[in-house]
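# Breakdown of the fold
Single-letter residue listing:
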Amino acid sequence: MLIFLLPLLLYSCSMKMESVYVYKFRLGLSLLYFSYMQIDTVSSIAITSDSYDYENNDRYQSEAQHGNKQLLSDTLEFEEKNLQNLCDHSFQAMKDAYYDDDWQGCVKHGLTASKLFQDHLHKLVSCRRLCKHELVYDQHQIQNGFKSDAILALYGKSSLRYTTCVGKCVPPRFLFYENLLKREQYDYIQICYYKLKLYVKGAAAATTFLVANPKHDYMSTNLANYREHLGVPEDDLIDLEAADYQKLYKLAVNLYEEKKWSQQLQHSLAALDSYYDAYENCSVLCETGYAVGIDHHEFIGAVADQMEEVIKCKYGCTSTLSRLDLKIVDNILLNIYHHLQYSYSQVGDYKSGAEYAAAFLLHDPLNANMLTNKKYLMQEKNVPEKWFQPPQREVEHKQRLDTLAELMQYLHTEYVSQHSLGKKRQKQLAELEGFLGGNIKVNATAADLGGTERFVADGFATPEQCSHLINMCQMHGVIGDGYSARNPLTKHEIFQGLMVNTAQQLVEEGKLASPLLSMYLELSENTRRYTQMYFNLHELYFDFTHLVCRTALDERSSRDDLSHPVHADNCAIQKDGTCHKTSSSYTHRAYSGLLYLNDNFEGGEFFFTDNHKHEQSSVKPKCGRLVAFNAGDYHGVKAVRSGRRCALAVWFTLDPHHSEQSRADARDMLDKLHNHNLVHDEL
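Described in the following lines is the structure provided in the data block. (Residues numbered from 1 in each chain as written. Predicted model: local features only at pLDDT ≥ 70, side-chain atom pairs only at ≥ 80, totals over all residues. Heavy atoms only, no water.)

### Points about the environment of Asp-560
Tracing the chain through its elements places Asp-560 in the loop between strand 7 (541–552) and strand 8 (562–567). Each C-alpha atom of the pair Asp-560 and Lys-638 lies 9.6 Å from the other, and the pair is 78 residues apart in sequence. (Helix = DSSP H or I, 4+ residues; strand = E, 2+ residues; numbered from the N terminus.)

### Considerations on the side chain of Asp-458
For Asp-458, the location among the structural elements is in strand 4 (residues 454–458). Within the structure, the side chain of Asp-458 is placed 2.6 Å from the side chain of Asn-443, a separation counted as a polar contact. In this structure Asp-458 touches Asn-439, Ile-440, Lys-441, Asn-443, Lys-622, Gly-624 and Arg-625, once residues within four positions along its chain are discounted. (Polar contact = N/O pair within 3.5 Å; in protein donor to acceptor, adjacent residues only side chain to side chain. Contact = heavy atoms within 4.5 Å.)

### Structural notes on the packing of aromatic side chains
Scanning the entire structure with this criterion turns up 30 aromatic pairs. With centroids separated by 6.4 Å and ring planes inclined at 35°, the aromatic side chains of Tyr-275 and Tyr-279 adopt a geometry described as tilted. One end of the pair, Tyr-275, and the other, Tyr-279, are both in helix 14 (residues 261–285), four residues apart, so they sit about a helical turn from each other. When its relative accessible area of 1% is taken as the criterion, Tyr-275 is described as buried. The structure contains a cluster of three or more aromatic residues connected by ring pairs, namely Phe-435, Phe-455, Phe-460, Tyr-530, Tyr-534, Phe-535 and Tyr-591. Looking at Lys-374, its charged tip hangs above the ring of Phe-388, at a distance of 5.1 Å from the centre. (Phe/Tyr/Trp six-rings, centres within 6.5 Å; stacked < 30°, edge-to-face > 60°. Buried < 20%, exposed > 50% of the residue type's maximum accessible area, 1.4 Å probe, protein only. Lys NZ or Arg CZ within 6 Å of the ring centre and 35° of its normal.)

### Considering helix 12 (residues 217–228)
With twelve residues, helix 12 should cover 16 Å at 1.5 Å per step; its first-to-last C-alpha distance of 16 Å lies within 8% of that length. Turning to helix 12, its buried residues are Met-219, Asn-222, Leu-223, Ala-224 and Tyr-226. Check the buried side of helix 12 and you find it contacts helix 10 (185–195) and helix 11 (199–212). (Expected span 1.5 Å × (residues − 1).)

### Re the state of the cysteines
The full count for this structure, using the stated rule, is five disulfides. Sulfur-sulfur distance for the disulfide between Cys-466 and Cys-623 comes to 2.1 Å. A torsion of 95° about the S-S bond marks the disulfide between Cys-466 and Cys-623 as right-handed. Here the residue Cys-466 occupies a position in helix 23 (residues 463–476), and Cys-623 occupies one in the loop between strand 14 (615–619) and strand 15 (626–630), the gap between them amounting to 157 residues. A relative accessible area of 2% means that Cys-466 is categorised as buried. What makes Cys-623 partly exposed here is its relative accessible area of 24%. (Disulfide = S-S within 2.5 Å.)

### A short note on the sheet that holds strand 14
What holds strands together in a sheet is hydrogen bonding between their backbones, with the strands either parallel or antiparallel. Taken in spatial order, the four strands make up an open sheet running 8-16-13-14, and their pairing is antiparallel. Edge positions in the sheet fall to strand 8 and strand 14, since each of these pairs with one other strand and no more. For this sheet, the mean angle separating the axes of adjacent strands, direction not counted, is 25°. Strand direction decides the pairing type here: strand 13 (residues 606–609) and strand 14, joined by four bridges, are antiparallel. If you follow Phe-606 over to strand 14, its bridge partner there is Val-619. (Pairing = 2+ DSSP bridges. Axes fitted to C-alpha atoms, helices over the stretch in contact; angles between N-to-C directions.)

### Remarks on the sheet that holds strand 7
Read across the open sheet, the eight strands follow the order 3-4-15-11-18-7-6-5; overall the sheet is antiparallel. Pairing within the sheet leaves two strands with one partner each, and these edge strands are strand 3 (441–444) and strand 5 (478–479). The pairing of strand 11 (residues 589–596) with strand 18 (residues 644–653) spans seven bridges and is antiparallel. When the sheet's bridge partners are listed, Tyr-596 is paired in strand 18 with Ala-647. In the packing of helix 25 (residues 514–534) onto the sheet, the strands contacted are strand 3, strand 4, strand 6 (493–499), strand 7, strand 11, strand 15 and strand 18, and the crossing angle to strand 18 comes to about 55°.

### Let's talk about unusual backbone geometry
A positive phi angle, close to 60°, is found at Arg-183, a residue other than glycine. Summarising the element assignment, Arg-183 is placed in the loop between helix 9 (177–181) and helix 10. Positive phi outside glycine occurs at Asp-325, with the angle close to 55°.

### Thoughts on the pattern of salt bridges
Overall, the coordinates contain 21 salt bridges when judged by the stated rule. The salt bridge involving Lys-260 is made with Glu-258; its shortest N-O contact spans 3.3 Å. We classify Lys-260 as partly exposed; its relative accessible area is 39%. Between Arg-454 and Asp-633 there is a salt bridge, and its shortest N-O distance comes to 2.9 Å. Highlighted residues: Arg-454 in strand 4 and Asp-633 in the loop between strand 15 and strand 16 (635–638), separated in sequence by 179 residues. Residues Arg-454 and Asp-633 agree in their burial class; the two are buried. Connected through shared salt-bridge partners, Arg-183, Asp-239 and Glu-241 make up one network. (Salt bridge = Lys/Arg side-chain N within 4 Å of Asp/Glu carboxyl O.)

### What about the environment of Glu-493?
One can find Glu-493 in strand 6. Sequence spacing of Glu-493 and Ser-642 is 149 residues, and the spatial spacing of their C-alpha atoms is 9.3 Å.

### Quick word on helix 11
Helix length check: helix 11, at 14 residues, gives a terminal C-alpha distance of 20 Å against a target of 20 Å (1.5 Å per residue), a fit within 8%. Burial within helix 11 is extensive, with ten of its 14 residues counted as buried. Every buried residue of helix 11 is accounted for by Gly-202, Ala-203, Ala-204, Ala-205, Ala-206, Thr-207, Thr-208, Phe-209, Leu-210 and Val-211. In this structure, the buried side of helix 11 is in contact with helix 10, helix 12 and strand 1 (323–324).

Treat this as a map of the structure, not an account of what it does.
Printed below as a string of structure tokens:
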């Protein structure tokens, strides 16, 4: 399969100046081929089997095998619609019980919603996986088809049969689908358990929520409270929706530590089978539909955009499947390979041990420990080199991951940049002109500032908004926030900051008005949207948001230090002027921004430098002024000689896995607070 895909990708990459239509045509063909030749990869959801209807699944399989597909789809459609209605009803009943202080009802309906949702996912996946049998291709026809009509070769009768089959599996979306997918019911359930003083169950519910929302600061605080103040043991912090492969893996690890090699082999092999099953299920769920844009008029362009979302979903999920309760295992699959290699060797099956050593090295060829194991087997156990061949399933899995990585690289390096030539860019430019009612004015471009990705624009905040944020930081800001000292960057200034999660906690404690937190989030969101459009980025995510002030301790007309020394936001500057991507340098950050809030101070100018720290340009802060730039650009802040300098600092990433969870948490809290107030207003 890869033989046909890779030359097409390489050929597409070489056509740097081709039209948008031709470019999209090539990408669309690549993505179509990737999708329909079943180079399937993992999605972001692991499926459990606790509630799986094995009896019905056997019936579905039997009906499909005997050609009774119409009965299969009709049965599924009827049952799924009932499940969807029950899911929505149970989720809403849970919320109603919560707001009525009916804690037992809240737990009952929340757990029912979870159970029904898992049943829905299982039936949906079963139906879609059966539909995969419709995808049968004639390789000779495909090769010839590329020479004549690639659309018919790739999107012919077989794909139409598959589409027809999938269409009968019923749409996966319903009212509370996204909420259940994010396990939001466990947010309510853990509070209700807490109110019932069932702390162990509350801790398990909090853990289950955090597995799906690992950066949720508020829930992390709750879980710490269960552990430290309510005495819930670490062993009780379990994921209530753990997948089978996760349970089997944990058992296999215990048996490995107990050196029970035969039993360990049995559980590791079962964990491996279960992992691949979860992998295929998740891959199917990545294909359950995305919003179609209205600005496409050509078929291939629309397909390419749809496939881009599918690929992104699948690409990020190997790491998701490596989550074990609240821990991130570097790679569960590689750990299983390692356990199999070692356990097979311990029971004397050196050939199988060599095969899984090879499977491990397929992913990590320079791993010192596994190379040592291989050397030991060859020298001490006389294992021949030819035995170090990974099983075929492991080879195919690695091919899928490699292909997906190539497509992601292609999307990031080619698709977005070429896309800027099309209608989407024209639409973005129109949105830029009308942003915030047309009040934004760009007064310095990259050329003015001595770089390639930089701009300065005014109009992002009113004087009243700036004043509110400054007062927020002055009253509630934490001295040295995020650092270990009150004046971490220079001894002549005090650094004060307010993070989003801290502001949320203040609102929950009644110490900060919720509209002020809303303003904090809204103003920073405006900087993200504008920066994304200005730089023509496909999607930009917050990595970190920080409301900060720097206050001069002693007024001096001249200082030889800087308020913030020259640095880059995603790499560590070396003495020779180069910038190294180190593990501690936030390498995932792509763009940075500063929304200034005042100008009633002396000094404090922001400035850009070249690689030798020679100043290229400077920016004087004022209320509502935004400076945004590539996170790799060298920059600094001149000494604040007198007064207080305040700004809303934002750092952005292109990687959704590093998106700032505390913002979503704050939004959820504000929404719940708003809905709660509406309920009480009606009463």
